[in-house]
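An overview of the molecular structure
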Amino acid sequence: MDSEALKKYSALHPKPAGLTLQYGTAGFRTKAEQLDHVMFRMGLLAVLRSKAVVSTIGIMVTASHNPEEDNGVKLIDPLGEMLHPSWEEYATQLANAEEHELQQTITEICQKAAVNQQKDASVFIGRDTRPSSEKLSQSVIDGIFVLGGQYHDYGLVTTPQLHYVVCCQNTQGQYGKATLEGYYEKLSKAFTELIKQSSSSGKSQKHLKIDCANGIGALKLSEMEPYLPKEVLIQLYNDGTKEKLNHLCGADFVKVHQKPPRGLDMKPNERCCSFDGDADRIVYYYQDATGLFHLIDGDKIATLISIFLKELLVKVGQSLKMAVVQTAYANGSSTRYLEETLKVPVHCVKTGVKHLHHKAQEFDVGVYFEANGHGTVLFSKAAETKIRHLAKEEKDNEKREAAKVLENMIDLINQTVGDAVSDMLVIEAILALKGLTLQQWDAVYTDLPNRLLKIQVADRRVIDTTDAERRAVTPPGLQEKIDALVKKYKLSRAFVRPSGTEDVVRIYAEADTQVRA
Ligand SMILES: CC(=O)N[C@H]1[C@@H](OP(=O)(O)O)O[C@H](CO)[C@@H](O)[C@@H]1O
Ligand SMILES: [Mg+2]
């Protein structure tokens, strides 16, 4: 480590006095103007992480669905997963070290994490369309450069695209080519193969209106369009040319407010969906003939995918273990439908994609979604090998065809992380193959009326939870009071937990009617 260079460069990215930040559920996230030093230091950390695991590490500059003035950064581990929890603490230490402590902090991290500083380092960088992102990603590059790391700047990409290329790079191309072209080719090939088998339904069924949240999704979908079959008729709205990122639009806005985004003119029964600002979340929706808005959220997406995969797994006749992973925010009706009607085991884990991803890895086929629309499907290596073998060798026609569909699903789904583009193509393929309308999909079960609110308190950490955040253990007496209220209503459920991304406490309740919720 060249201490003079480190001093010189870190002085170019000074830490504002008194500012402490934490690597939270989704990395660092705050006002963009407070993040320059964090970016530089995450460049440093990415180099250390790369040396520690002797692989390429990803670093994404984005604040997802948060306001345009915000920004953030998260690190991506070798197989495209979120940064390992044991390193979140190092990230926090490095971000908060005073300038004169920086070198010492690096040395300490290297000792604690057994980083061999002689190893080479390689980092892939990506960023979203925020006005602040380009300059901030330059600060990341300064950090990488100072510690002698190699880097490749992918520039403007969706978060899931960066996860994808990192995984491709570290699997020597087994997961695909580590380029955007490779991503477009892999997904569109699988999608084209899938919809070949669908009987052509009416033209109106093919139209899909997409609210791109004025973010990166618009750019990348336009880039992808030439790769997609002609039958796909997508219309992009909120493409970022006129309005502000995430302002009154995008997946988070639609989910939280349960209403259509601004800037998308919706006719009765038209199929519409919204991405979030970095295109890792998606929700669908429509307006019925009476003008009523219907949201089809992550729970319904998980259900549709589970119905489809379960049918195929039954057809191929292999004993592959499938499960769905949800959080406490999953609508009770979805859990009941999955367990009682579809007979698929459901597991509830703590909020945050890393928890869902981790749990889903335990199964041959692990479907996970947060209610807000972030999710994907993981296939175990063994399941994938079996399916690919059957797709090639199986003599029984029906079994072989089912295996082929599964094989294409494996290729279409971005298994590294939830991906709005990939999820959208998965959903469009399933609707086409099953000949389902959005309304039929919506009718699979009826959501229990619910309410999700947030409230600011003096110190949200006084609330501690257990049972996948569904029960409060502190402060004393709180849970008993919730229980007493919940007992009064039918099909009711309620919980409180401190947010991991905002200084608020979230309150969720559902019951048989909206008023009771
Ligand atoms: C209720 C809710 O939507 N919570 C979100 C939110 O987490 P909180 O810990 O609730 O602030 O942000 C996370 C990161 O984007 C996301 O994974 C999660 O689903
Ligand atoms: Mg996002």
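Residues numbered from 1 in each chain as written. Chains lettered and ligands numbered in written order. Predicted model: local features only at pLDDT ≥ 70, side-chain atom pairs only at ≥ 80, totals over all residues. Heavy atoms only, no water.

Looking at an unreviewed UniProt entry, one finds the chain named Phosphoacetylglucosamine mutase and attributed to Nestor notabilis. Of the chain, the UniProt comment under Sequence similarities (unreviewed entry) reads exactly: "Belongs to the phosphohexose mutase family." Check the Function (unreviewed entry) section of the UniProt entry for the chain; it says "Catalyzes the conversion of GlcNAc-6-P into GlcNAc-1-P during the synthesis of uridine diphosphate/UDP-GlcNAc, a sugar nucleotide critical to multiple glycosylation pathways including protein N- and O-glycosylation." (UniProt positions renumbered as here; feature names shortened; annotations may be inferred.)

**Concerning the nonpolar core**
Residues Ile210, Phe275, Tyr284, Leu309, Met424, Leu425 and Trp441 are the most contacted members of the largest nonpolar core, which totals 86 residues. Considering every element that reaches this core, the biggest residue donor is helix α10 (residues 298–316), with ten residues. Contacts of Ile210, omitting those with residues within four sequence positions, involve Leu221, Ile234, Gln235, Leu236, Tyr237, Leu264, Cys273, Phe275 and Met424. Counting residues in each nonpolar core, the second largest holds 44 residues, with Tyr9, Phe28, Val61 and Ile109 among its members. (Core = buried A, V, L, I, M, F, W, Y, C linked by side-chain atoms within 4.5 Å. Buried < 20%, exposed > 50% of the residue type's maximum accessible area, 1.4 Å probe, protein only. Helix = DSSP H or I, 4+ residues; strand = E, 2+ residues; numbered from the N terminus. Contact = heavy atoms within 4.5 Å.)

**Let's talk about the coordination of the magnesium ion (ligand 2)**
Those protein atoms acting as donors to the magnesium ion (ligand 2) are Ser64 (OG), Asp276 (OD), Asp278 (OD) and Asp280 (OD), and they sit at 2.0 to 2.2 Å. All donors of the magnesium ion (ligand 2) belong to a single chain; written as a sequence motif, their spacing is S-x211-D-x1-D-x1-D. Residue class for Asp278 comes out buried when judged on its relative accessible area of 0%. Judged by relative accessible area, which is 6%, Asp280 ranks as buried. (Donors = N, O, S within 2.8 Å, 3.2 Å for Na, K, Ca; no water.)

**Some thoughts on the UniProt feature "binding site: Mg(2+)" (unreviewed entry) in the chain**
This chain's UniProt record puts "binding site: Mg(2+)" (unreviewed entry) on Ser64, Asp276, Asp278 and Asp280. These residues run over 217 residues, yet every pair of their C-alpha atoms falls within 8.1 Å of each other. Relative to the assigned elements, Ser64 resides in the loop between β2 (56–61) and β3 (70–76). Setting aside anything within four residues of it in sequence, one finds Ser64 in contact with Arg29, Asp128, Arg130, Asn246, Asp276, Gly277, Asp278 and Asp280. Among the polar contacts listed, one links the side chain of Ser64 to the side chain of His65, at a separation of 3.2 Å. Inspection of the secondary structure assignment puts Asp276 in the loop between β8 (272–275) and β9 (282–287). Judged by its relative accessible area of 0%, Asp276 is buried. Residues contacting Asp276, with those up to four places away along its chain left out, are Ser64, His65, Cys212, Ala213, Asn246, Ala251 and Arg281. Within the local environment of Asp276, its side chain forms a polar contact with the backbone nitrogen of Asp280, the two atoms lying 3.0 Å apart. (Polar contact = N/O pair within 3.5 Å; in protein donor to acceptor, adjacent residues only side chain to side chain.)

**Observations concerning the pairing of strand β4 (residues 122–127)**
Counting buried positions along β4 gives five out of six residues, so the element sits mostly inside the fold. In this structure, β2 lies alongside β4, joined through six bridges in parallel fashion. Residue Val61 lies in a different strand from β4, and its bridge partner there is Arg127. When β4 meets strand β5 (residues 150–156), the two strands line up parallel, connected through five bridges. Pairing of Phe124 across the sheet is with His152, part of β5. For the segment spanning β4, helix α5 (residues 133–146) and β5, crossover handedness is right-handed. (Pairing = 2+ DSSP bridges. Right-handed = clockwise from strand over helix to strand, strands pointing away.)

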